[in-house]
Amino acid sequence: MAEILAERYTGASIRRSEDPRILTGAGRYVDDIKLPGMLHAAFVRSPLAHGRVLSVDVSAARELPGVVAVITGAELEAMTVPGPDALMALMSWAGPTPQFSLLATDKVRFAGDPVAVVVAESRYLAEDGCELVEVEYDELPPVTNASFALDPSSPPLFENLGDNIARPHSRSEFGDVAATFAGADQVTDVHIDVHRHQNVPMEGRGCVASYDADRDLMTVYAATQSVHVTKIAIAMRLGMEPEKVRVLAGDIGGSFGLKIGASREELAVAAASRAVGRPVKWVEDRGENLTASGQAREESFDVRAAFSDDGDLLGLDVKMVIDTGSYPGMGAMVPGTVEAMFPGPYKLAAFGFESTAVTTNKACYVAYRGPWASETFVRERVLDLIAKDLGLDPIEVRLRNAAPRTDPPAAMITGRPLVGVTTRESLERLAQIVDVPAFRRRQAEARVRGRYLGIGVATFIEAAPGPRSPGGPSGPLGTESMRLRLEEDGIVALFTGQMPHGQSHQTTLAQIAADEFGVPFDQVRVVVGDSDVVPFGLTGGSRSATMTGGVALHGARQLKAKVLDVASHLMEASAQDLLISDGQVFVRGDPASAMPVGEVARQAATGQAGAGVDTNLEVNASYDGGEGGWSGGTHCAIVDVDAETGLVRVERYVAVEDCGALINPAVVEGQIRGGIAQGIGAVLLERSAYDQDGNCQSATFMDYLVPTACDVPRIEIEHLETVPTDADVNFRGVGEGGMIVAPPTLVNAIEDALSPFGVRIHEQHLPPSRILELIEAADPGQ
Amino acid sequence: MDITLRVNGTTRSGSPEARKTLADFLRDDLNLTGTHLGCEHGVCGACTVIVDGRAVRSCLMLAVQAAGSEVTTIEGLATDAGLGPVQQAMWDSHSFQCGFCTPGFVMQATAFLRAHPDADEQEVREALSGNICRCTGYQSIIDGVLLAAKRNIER
């Protein structure tokens, strides 16, 4: 065998190791779990947005054959421990803390609020049981929008708060806001709305809970982004010691931020299993997913922008109101991130930001792919509005305002250094790919024929993981842990707290570890989804490329050093003279010396390395993200808007992205395209709609429209890899960027298409009916 | 009600309740959990199986309606020789991410390509427009179907 290094897996579009099982129906999703004696749960849900619960009569349901238990909100409270929302507690939320029960007891707070759970021998029977539960309500005035919620006379959803304020008003200033606005050539005011929409993973929420009374052990098979966060949430509310709770997860059918911790329903299912002493499964149906799993965005912004006659953006002053829906989730925490990220890659002399979060009688706010994304939408919209007022090209106005790449790097006015940010390079590259002057000619010719084409550009940066904070001891996103072990069969096993739900970690982490350790790709096994086995972790926030990729690389390096130390004793050679390639240890220059790494592990386990040698071929590695860095880029859309029907066709979409070094280009591009598709849906199709009484109007896939293969164009992607910040780890996340920047890219393009009508757009949701309204209401003189 | 049908080439019998969907019968009674339920109202296509040669939504069909039929599910496509041609092309094309919609797309594409072996991209997009994928933006799936078609023609 020749002494050559194995080809590098990192950087190649290696076929996914997840695919053979998912392509053959052998994936194991939570609904595929079947346990002996397993029962099925279904929830009785409120038909009202806001009301007092006067009585809950479960007697008829309890008598239905096949129904094993019916648990009301009050009964469930007696079985569980009150407490705050686990996610808010984990994130150290210190603001208003609503008191609520897992199932409604005294009040219902949105249409779909769970009131009782029926546990039966089948899902069919459980739903039959729900039909027999009689709940009497006293209707209360629904609080269905933020302006009513801000009115002190609105009935408070949570009595202990006394009002509907989830995050009290606050204001921050960076730079001299008053002086900047006073000295600016021009100041403009715009109001911009972002509508309510939601994650909609193809698999909804669900779990199977199985309580073992003899051992007081709770095992929960979950669909979750973190088995450990789910475990903590369950232990907290069930009043169990965390070590008595084990959370397992297999394949997960998407999440996009939805499946973090444990929902109220999942906690109720775990409590029900403990109560009845049998396993209980609950998998939500699409109606529950659309009405009750949670929704995102619904934010409004009053923006005042100061700029020069030449197009220099000087200052922004922003007032944000976020409608967080009913029960506590992430909504109240979002304004802090929006504030920090608002300046994006641009120079600003001054920035004012104030925010308020309110509670309303709608489904609760959940994280959705780039929860702070509205800052990019608003900023990129405002830049286009300014460019339009000044007659400037949208690429030019961005190049003019993007902070130059300097050493040391410029910092956002809110503090974070723009280390390695390549906004200018992405804008310049985009201008090379898309021939804007040629498009303008085509656009002019098309208008003559009554066709309205438009081009839109938007730029973003994504903290994936973001830069190391100046002077801070910890890394950009805390630390990431991984346990790595060389097995006696030669397998390098990686135990990670990442909980992939489409991100392909079982492939990408294996690529990195295989290269670093020196084994073939299929000799690395990535172990996920068992809280008894894997270290703490969470898949979210686009953290895994840098953080988990980094710990895989450094952990494999540490494990390799250990293996080489043992091998040096076995092979009677200095460790410096040994190398590992293609799964074998060699003495440098002596191919005949090859010893398979599994053989090293076997001989180590049987004591052949001699006394005093550390033969425990396992390491616990951690990684703090190194210098970190940003992902980012510029997207461009060309759209064709039919002014008669309001239909928008995306003719071309180009993404110039910089996520540093690519681990697996096909995986990276899948993340980018998937995010863009969700952004297309958000603008053209998707809206979580409520009527004035708080009834959800988008409870089916015929009302909540998500993009199909006919709505998403072929997406062109160009990668930049401009600025390494670390000797080894320059992978950066791409989980959220597409969803962050596609909405402003599209809306900018649509406004450009409609410019002959004088249309100015101050919102994100533009279905055909709204396009027609905008054309109708526009003033062509503008 | 007692029914007998052929599933993936094997004769299977069962006694589903009249109201039980074919999807639930396949998943619960026959333990073929590869067929997934994404909406249970016939829009998302995740539950697509092939019944007597045609792609159908098994959430909208009752099990008893499938009595006497020949049903193929995602579990029935691979052979001892390996993945079926559509599965293989989709693996090679990085078609999927979370995998939940996958069985429906694979079954829909399989049925479509049998009837339209030389379909072009627009025809493939239209044929798959009744299946929802939330992860990929579809391009990689379309590429997988086109690759399977191309290989089939070259074979």
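Here the structure is a predicted model, which is why all the values come from computation and not from measurement.

Calculation rules
Residues numbered from 1 in each chain as written. Chains lettered and ligands numbered in written order. Predicted model: local features only at pLDDT ≥ 70, side-chain atom pairs only at ≥ 80, totals over all residues. Contact = placed C-beta atoms within 7 Å. Helix = DSSP H or I, 4+ residues; strand = E, 2+ residues; numbered from the N terminus. Nonpolar A, V, L, I, M, F, W, Y, C, P; charged D, E, K, R; others polar. pLDDT = per-residue confidence, 0-100. Pairing = 2+ DSSP bridges. Axes fitted to C-alpha atoms, helices over the stretch in contact; angles between N-to-C directions. Domains from an automatic or database assignment.

A.B. asks: How do you make sense of the interface of chain B and chain A when you look at a structure like this?
C.D. replies: Put simply, an interface is often sized by how much accessible area is lost when its parts join up. If you look at the interface, chain B gives 42 residues, while chain A gives 43 residues. For the side of chain B that touches chain A, the secondary-structure elements that each account for two or more residues are helix 2 (85-92), helix 3 (102-115), helix 4 (121-127) and helix 5 (139-154) of chain B. Of all the elements, helix 2 of chain B adds the most residues to the side of chain B that touches chain A, at four residues. Broken down by class, the residue content of the side of chain B that touches chain A amounts to 20 nonpolar, 15 polar and seven charged.

A.B. asks: Teacher, can you tell me more about the confidence of the model for chain A here?
C.D. replies: Interpreting fine coordinate detail is not advised for predicted regions of low pLDDT. Looking at chain A as a whole, the pLDDT averages 95, with 98% of positions reaching at least 70. For the stretch residues 1-6 of chain A, pLDDT sits under 50, and the model shows 12 contacts to residues farther than four places along the chain or on other chains.

A.B. asks: Is there a simple way to think about the sheet that holds strand 17 (residues 480-486) of chain A in this case?
C.D. replies: Backbone hydrogen bonds are what pair the strands of a sheet, in a parallel or an antiparallel way. All names here are of chain A. Spatial strand order, 19-18-17-23: four strands in an open sheet with mixed pairing. Since the sheet does not close on itself, it has two edges, and those belong to strand 19 (524-527) and strand 23 (618-623), each with one partner. With direction set aside, neighbouring strand axes in the sheet form an average angle of 20°. Relative to strand 19, strand 18 (residues 492-496) runs parallel, the two sharing four bridges. Directly across from Phe495, in strand 19, lies its bridge partner Val527.

A.B. asks: What is the right way to look at the domain arrangement of chain A in this model?
C.D. replies: Residues and elements named next belong to chain A. When the domains of chain A are assigned, the result is domain 1 (19-26 + 479-623), domain 2 (33-140 + 205-252 + 259-292) and domain 3 (296-471 + 626-777). Each of domain 2 and domain 3 was reduced to a C-alpha centroid, and the two centroids are 37 Å apart. Within the residue set of the side of domain 2 that touches domain 3, elements represented by two or more residues are helix 4 (86-90) and helix 10 (286-292). The biggest single contributor to the side of domain 2 that touches domain 3 is helix 10, with five residues. Grouping the constituent residues of the side of domain 2 that touches domain 3 by class yields 12 nonpolar, five polar and three charged.

A.B. asks: Sorry if this is basic, but what is going on with the domain arrangement of chain B here?
C.D. replies: Residues and elements named next belong to chain B. Partitioning chain B into structural domains gives domain 1 (3-76) and domain 2 (85-154). Each of domain 1 and domain 2 has a C-alpha centre, and these two points are 21 Å apart. Taken together, the contacts link 14 residues of domain 1 with 12 residues of domain 2. The set of elements that each furnish at least two residues to the side of domain 1 that touches domain 2 consists of strand 3 (48-51) and strand 4 (54-57). Ranked by the residues each element gives to the side of domain 1 that touches domain 2, the list is headed by strand 3, at three residues. When its residues are assigned to classes, the side of domain 1 that touches domain 2 shows seven nonpolar, six polar and one charged.

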